[in-house]
Amino acid sequence: MKTSKTSSSKRDLLSMHELSGRDIDAILKLASKLKQEQKSGRARPLLRGKTLGMIFQKPSTRTRVSFEVGMYQLGGDAVYLSASDIQIARGETIEDTAKTLSGYLDCIMARVYDHADVQKLATHASVPVINGLSDAYHPCQILADLLTIKERKKKLAGLKMAWLGDGDNVCNDLLLGAAKTGISMTAACPAGYEPLEDVVMAAKSEGKKTGADIAVTSDPAVAAKGADVIATDTFISIGKEGEQATREAIFMPRYQVNAGVMRLAKKDAIFMHCLPAKRGQEVTAEVIDGPQSVVWQEAENRLHAQKAVLCMLMKKA
Ligand code: CP
Ligand code: NVA
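Caption draft 1: Spatial organisation of the nonpolar core. Judged by nonpolar contacts, the single largest core of 62 residues is most densely connected at I130, L143, I149, W163, M185 and L310. L143 has contacts with L13, M16, L19, I24, I27, L28, A305 and V309, leaving out every residue within four places of it along the chain. Membership of the second largest hydrophobic core comes to 24 residues, among which are A227, A265, A269 and A299.

Written out as structure tokens, the structure is:
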């Protein structure tokens, strides 16, 4: 996790760039422990007296509820702040908002459009800042995904993962998370919709250290062949609604995850999707509601992975 320039002791989680393989391993181990404790009624109030502020520029189901419930389960509190209801909407700067909120809160989570906004928030806040999704990255989703893969496959290093569709925020961070944990990943995306170039370069270089092969192709069959995990996301991310017709024409039907794609993967391959999903677009109902799908476990794991992140950032592991 990134240590801020403004405060020597605080750490932020803005993307998977900031986490080392060792950080990821520690978060996943703590997440599993907290999950077991919660499920067996032995949860500890590790964040009693702590308050998380949650700024949302975009809608959310999983991120909002899992962060809020996570804080309650850890004995703390959470405050929901719609960006349209706070003074940011009337032009108060992110800098001033960050400084003000740091006086009330112990941690800030923000879901934003422009990744620079959450970076600015982190620079000017004296408390840890977590990216709850920006147009470029979604680290909390990837930690939940890795936890789910580990639970299902009993390992991470040595697995093969395929991504089909948009090289979006989830794909960017998944490439980094896969590379850092030794999972080989091939993203199959149409031309013009590939993941960020610097992310691909960073993932390839991380992969060299862990033995993970990282590749980008336009051919879904190349990515899916022999995969242990097939993952996708909406073709139309929040904010891209105006591009719906163009995107549908480019992505469909070639990049849809359907039974034919799943047949190219290993027999025991799992299907993952961060949700929300559009059945009949990026995935067929047969796949997402079928036996290989792990999407509900993946959604639940948002809670457990984020509780680990919250504890670590607020130094209560
Ligand atoms: N996967 C995810 O981040 O879901 P929400 O948009 O519902 O938070
Ligand atoms: N790529 C999607 C992820 C939603 C959780 C979006 O940005 O809308």
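Caption draft 2: Highlighting the site of ligand 2. Taken together, L133, D168, N169, D233, T234, S237, I238 and L275 form the complete shell of residues around ligand 2. Between N169 and ligand 2, the recorded distance is 2.8 Å, taken from a side-chain N or O atom to a nitrogen atom. Between ligand 2 and S237, the relevant distance is 2.7 Å, taken from a nitrogen atom to a side-chain nitrogen or oxygen of the residue. Protein coverage of the free-state accessible area of ligand 2, which is 270 Å², stands at 95%.

Caption draft 3: Examining helix α5 (residues 139-153) more closely. Compared with an ideal rise of 1.5 Å per residue, which puts 15 residues at 21 Å, α5 spans 21 Å between its outermost C-alpha atoms and is within 8% of the ideal. Most of α5 is tucked away, with 12 of its 15 residues classed as buried. Buried residues of α5: P139, C140, Q141, I142, L143, A144, D145, L146, L147, T148, I149 and K153, and no others.

Caption draft 4: Broad picture of the pattern of salt bridges. Tallied over the full model, the rule gives 15 salt bridges. For the salt bridge of R11 with D23, the shortest nitrogen-to-oxygen distance reads 3.8 Å. You can see R11 sitting in strand β2 (residues 11-12) and its partner D23 sitting in helix α1 (residues 21-39), a full 12 residues away along the chain. Judged by relative accessible area, which is 18%, D23 ranks as buried. The shortest N-O distance in the salt bridge between E243 and R247 comes to 2.8 Å.

Caption draft 5: Examining the packing of aromatic side chains more closely. The tally for this structure, following the rule as stated, stands at four aromatic pairs. Centre to centre, the rings of F251 and Y255 are 6.2 Å apart; their planes meet at 75°, and the pair counts as edge-to-face. Judged on exposure class, the residue F251 and its partner Y255 are both buried. Three or more aromatic residues joined by ring pairs make a cluster, and in this case those are Y193, F235, F251 and Y255. R64 extends its terminal NZ or CZ atom over the ring of Y80, reaching a point 3.7 Å from the ring centre.

Caption draft 6: Inspection of the site of ligand 1 at higher detail. Around ligand 1, the structure places S60, T61, R62, T63, R111, H138, Q141, C274, L275 and R302. Within the side chain of S60, a nitrogen or oxygen atom sits 2.6 Å from an oxygen atom of ligand 1. Computed on the free molecule, ligand 1 has an accessible area of 260 Å², of which 94% lies beneath the protein chains in the complex. Considering only residue class, the shell around ligand 1 consists of two nonpolar, five polar and three charged.

Caption draft 7: Expanded view of helix α7 (residues 197-210). End to end, α7 covers 20 Å across 14 residues, agreeing with the expected 20 Å (1.5 Å per residue, within 8%). Among the residues of α7, V199, V200, A203 and G207 are the ones counted as buried. Buried residues of α7, viewed axially, fall in a sector of 95°; they line one side. Set apart from the buried face of α7 by more than 90 degrees, the exposed residues are E197, M201, K208 and K209. On the buried face of α7, the contacting elements are α6 (169-181) and β9 (214-217). Once α7 finishes, G211 follows within two positions and takes phi at roughly 90°, a positive value.

Caption draft 8: Main features of the side chain of S15. Note on placement: S15 falls in the loop between β2 and α1. At a separation of 3.1 Å, a polar atom in the side chain of S15 contacts the main-chain amide nitrogen of H17.

Procedures and definitions
Residues numbered from 1 in each chain as written. Chains lettered and ligands numbered in written order. Predicted model: local features only at pLDDT ≥ 70, side-chain atom pairs only at ≥ 80, totals over all residues. Heavy atoms only, no water. Core = buried A, V, L, I, M, F, W, Y, C linked by side-chain atoms within 4.5 Å. Buried < 20%, exposed > 50% of the residue type's maximum accessible area, 1.4 Å probe, protein only. Contact = heavy atoms within 4.5 Å. Near = heavy atom within 4 Å. Polar contact = N/O pair within 3.5 Å; in protein donor to acceptor, adjacent residues only side chain to side chain. Areas by Shrake-Rupley, 256 points an atom, 1.4 Å probe, with all protein chains shown as cover. Helix = DSSP H or I, 4+ residues; strand = E, 2+ residues; numbered from the N terminus. Expected span 1.5 Å × (residues − 1). Salt bridge = Lys/Arg side-chain N within 4 Å of Asp/Glu carboxyl O. Phe/Tyr/Trp six-rings, centres within 6.5 Å; stacked < 30°, edge-to-face > 60°. Lys NZ or Arg CZ within 6 Å of the ring centre and 35° of its normal. Nonpolar A, V, L, I, M, F, W, Y, C, P; charged D, E, K, R; others polar. Arc of directions from axis to C-beta.

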